[in-house]
Amino acid sequence: LKTKQIPKSVSRPPQKKAVKPELQTGQVWELEGSNVHIGLIGKTLVHYKHFKGDTKRAPISLSGKTTLEKYLKEHKATLMPHIPSAAAPRQMA
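Now for a look at the structure at hand.

Rules behind the numbers
Residues numbered from 1 in each chain as written. Predicted model: local features only at pLDDT ≥ 70, side-chain atom pairs only at ≥ 80, totals over all residues. Heavy atoms only, no water. Helix = DSSP H or I, 4+ residues; strand = E, 2+ residues; numbered from the N terminus. Buried < 20%, exposed > 50% of the residue type's maximum accessible area, 1.4 Å probe, protein only. Polar contact = N/O pair within 3.5 Å; in protein donor to acceptor, adjacent residues only side chain to side chain. Contact = heavy atoms within 4.5 Å. Pairing = 2+ DSSP bridges. Axes fitted to C-alpha atoms, helices over the stretch in contact; angles between N-to-C directions.

### Some remarks on the side chain of His50
Structurally, His50 can be placed in strand 3 (residues 45–52). For His50, a relative accessible area of 16% corresponds to the buried category. Within the local environment of His50, its side chain forms a polar contact with the side chain of Ser34, the two groups lying 3.0 Å apart. In this view, His50 contacts Ser34, Asn35, Val36, Ala58, Pro59 and Tyr71; residues no more than four positions away in its chain are not counted.

Laid out in C-alpha cells, this is it:
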C-alpha cells in the first residue's frame, strides 16, 4: 500500500481566525470583573485605564500595544459597543 503524497504547492486553504478589532482611542474592553478604557495610542505605546470592580477612578497606565493586546486576548476581553456620552458636545444644525 502506497500513500499518495500531496505536493507542497497544493495545501489546504488557511483557516479563518477570529479577528479582534484593532485598538482605537475611546474603546472600552470588558474583562471578568473589570474594564479597560483605551486612551491615547501612539506607534508602539498605549495609555489606558484599568477599572477593577466598582472603582470610580483608575490610574492612567502606559503599556506596549502588543503587551496590552496579548493581555486582552489572554483574559478573553470583549469590546463594548460605543455609546455616545451625554457630555459630548453636539453639533448645531
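Here the narrative resumes, following the displayed structure.
### So, the pairing of strand 3
Relative to strand 3, strand 2 (residues 34–41) is paired through six bridges, and the arrangement is antiparallel. Of the residues in strand 3, the one forming a bridge with His37 is Lys49. Counting the residues in the hairpin turn of strand 2 and strand 3 gives three residues.

### With respect to the environment of Leu72
Tracing the chain through its elements places Leu72 in helix 1 (residues 65–74). Sequence separation of Leu72 and Leu31 is 41 residues, and the distance between their C-alpha atoms is 7.8 Å.

### Topic: the environment of His47
If you trace the backbone, His47 turns up in strand 3. For the pair His47 and Leu62, spaced 15 residues apart in sequence, the C-alpha to C-alpha distance is 4.7 Å. Residues contacting His47, with those up to four places away along its chain left out, are His37, Ile38, Gly39, Leu40, Ile60, Ser61 and Leu62.

### Details of the sheet that holds strand 3
Here we have five strands laid out as an open sheet, ordered 4-3-2-1-5, and antiparallel in their pairing. Because the sheet does not close on itself, it has two edges, and the strands there are strand 4 (60–64) and strand 5 (78–79). Contacts from helix 1 reach strand 1 (28–31), strand 2, strand 3 and strand 4 within the one sheet, and its direction differs from that of strand 4 by about 100°.

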